[in-house]
Amino acid sequence: MGVKDRDRFSTATRLRLLGEQTAARVYRSQTKRQARRSRLTGRAALLALVVCTMVVALAYPMRQYVSQRAEIAEQQRQQEQARKRVEQLRDLKARWQDDSYAEQQIRRRLHYVMPGETGYVVVDPGAAKQSRADLRAAHRPWYANVWDGVDKSDASDQ
């Protein structure tokens with residue numbers, strides 16, 4: 001037996017081989033463990049499931065909340081418009097309480113004149129043509145004129 005055979009079976013050689021094999025096994029188990037850790041674990045999957053469930057459970061109430069807030073904002077805007085309209089109407093009512101304003105409006109709208117004044121009416125040429133068209137209405141029966149008036153008012157509503 002040579003020196004090689006004796007080294008091969010010596011205690012030191014065997015211990016060294018055993019250490020190398022053990023180190024290789026530990027290295028392999030560590031790389032396997034690291035590979036397993038990089039995968040999705042059960043805890044992570046459960047956490048993802050809980051988070052997804054919470055998102056789905058809160059989606060509808062959040063949508064309702066946002067839509068209700070938008071509706072509230074719209075109602076507040078309408079309330080502010082109504083408040084402004086009420087103020088305008090109060091101002092108009094206060095103006096009509098004044099006799100001079102009422103007199104001014106009556107004179108302007110109804111073409112009233114005070115005693116001693118001369119009233120003038122300026123006729124628009126387009127209005128004169130329209131009044132001539134109305135003269136044709138005088139030659140028709142009265143009920144035809146009534147129905148034409150109804151038709152004109154109906155057409156103006158549309």
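The model shown is predicted, which means the values in this text are computed figures rather than measured ones.

Thresholds applied
Residues numbered from 1 in each chain as written. Predicted model: local features only at pLDDT ≥ 70, side-chain atom pairs only at ≥ 80, totals over all residues. Heavy atoms only, no water. Helix = DSSP H or I, 4+ residues; strand = E, 2+ residues; numbered from the N terminus. Buried < 20%, exposed > 50% of the residue type's maximum accessible area, 1.4 Å probe, protein only. Phe/Tyr/Trp six-rings, centres within 6.5 Å; stacked < 30°, edge-to-face > 60°. Expected span 1.5 Å × (residues − 1). Bend = angle between axes of the 7 residues up to and from the residue. Axes fitted to C-alpha atoms, helices over the stretch in contact; angles between N-to-C directions. Parallel < 35°, antiparallel > 145°, perpendicular 65-115°, else oblique. Contact = heavy atoms within 4.5 Å. Nonpolar A, V, L, I, M, F, W, Y, C, P; charged D, E, K, R; others polar. Arc of directions from axis to C-beta. Salt bridge = Lys/Arg side-chain N within 4 Å of Asp/Glu carboxyl O. pLDDT = per-residue confidence, 0-100.

Visitor: Got a minute to help me understand the overall build of the chain in this structure?
Guide: Helices and strands together make up the secondary structure of the chain, namely six helices and zero strands. Put simply, the chain runs from its N terminus to its C terminus through helices and strands in the order α-α-α-α-α-α. Evaluated residue by residue, the chain yields a buried proportion of 3% over its 158 residues.

Visitor: Please clarify how the packing of aromatic side chains should be interpreted in this entry.
Guide: For any pair of aromatic rings, the description consists of the separation of the ring centres together with the inter-plane angle of the planes. A complete count under the given rule lists two aromatic pairs for this structure. On the numbers, 5.4 Å between centres and 85 degrees between planes, the contact of Trp96 with Tyr101 is edge-to-face. The interplanar angle of 80 degrees and the centroid separation of 5.8 Å between the aromatic rings of Trp142 and Tyr143 together place this pair among those described as edge-to-face.

Visitor: Before we go on, may I ask you to explain helix H3 (residues 42-97) in this structure?
Guide: The end-to-end C-alpha distance of H3 is 82 Å, a good match for the 82 Å that 56 residues give at a rise of 1.5 Å each. When the local axis directions of H3 are compared, the greatest deviation, roughly 35 degrees, occurs at Ala59, which is followed within four positions by the proline Pro61.

Visitor: Got a minute to help me understand the packing of H3 against helix H4 (residues 99-110) in this structure?
Guide: For any two helices packed against each other, the geometry comes down to the angle between their axes and how far apart the axes lie. Put simply, H3 and H4 touch, their axes get as near as 5 Å, and they point 90 degrees apart. With respect to H4, the axis of H3 lies roughly perpendicular. Where H3 approaches H4, its residues Leu92, Arg95, Trp96 and Gln97 are matched on the opposing element by Asp99, Tyr101, Ala102, Gln105 and Arg109. Residue classes in the contact of H3 with H4 are distributed as four nonpolar, two polar and three charged.

Visitor: Before we go on, may I ask you to explain H4 in this structure?
Guide: Turn by turn, an α-helix covers 3.6 residues, leaving residues three or four places apart pointing in a common direction. Taking 1.5 Å per residue, twelve residues should reach 16 Å; H4 reaches 16 Å between its end C-alpha atoms and fits that length. When H4 is considered as a whole, its buried residues turn out to be Tyr101, Ala102 and Gln105. One side of H4 carries all its buried residues, which in axial view fall inside an arc of 95 degrees. Of the surrounding elements, those touching the buried residues of H4 are H3.

Visitor: Teacher, can you tell me more about the pattern of salt bridges here?
Guide: Per the counting criterion, the structure on display carries four salt bridges. The salt bridge partner of Glu80 is Arg83, with a shortest N-O separation of 3.0 Å. In this pair, Glu80 and Arg83 are both assigned in helix H3, three residues apart and thus about one turn of the helix distant. By relative accessible area, Glu80 is classed as partly exposed at 35%. Overall, Arg83 belongs to the partly exposed group, its relative accessible area being 42%. Across the pair Arg90 and Glu87 runs a salt bridge whose closest N-O atoms are separated by 3.6 Å. With a gap of three residues between them, Arg90 and Glu87 both fall in helix H3, about one helical turn apart.

Visitor: Any chance you could explain unusual backbone geometry here in plain terms?
Guide: Peptide bonds are mostly trans, and most non-glycine residues show a negative phi. For His111, which is not a glycine, the phi torsion comes out positive at approximately 60 degrees. By secondary structure assignment, the location of His111 is in the loop between H4 and helix H5 (125-136).

Visitor: Quick question: what am I supposed to make of the confidence of the model for the chain here?
Guide: The predicted structure's coordinates, where accompanied by low pLDDT, should not be read in detail. The predicted model of the chain has a mean per-residue pLDDT of 82, with 79% of residues at 70 or higher. Put simply, helix H1 (residues 3-8) is where the chain has its lowest mean pLDDT, 55, and H3 is where it has its highest, 94.

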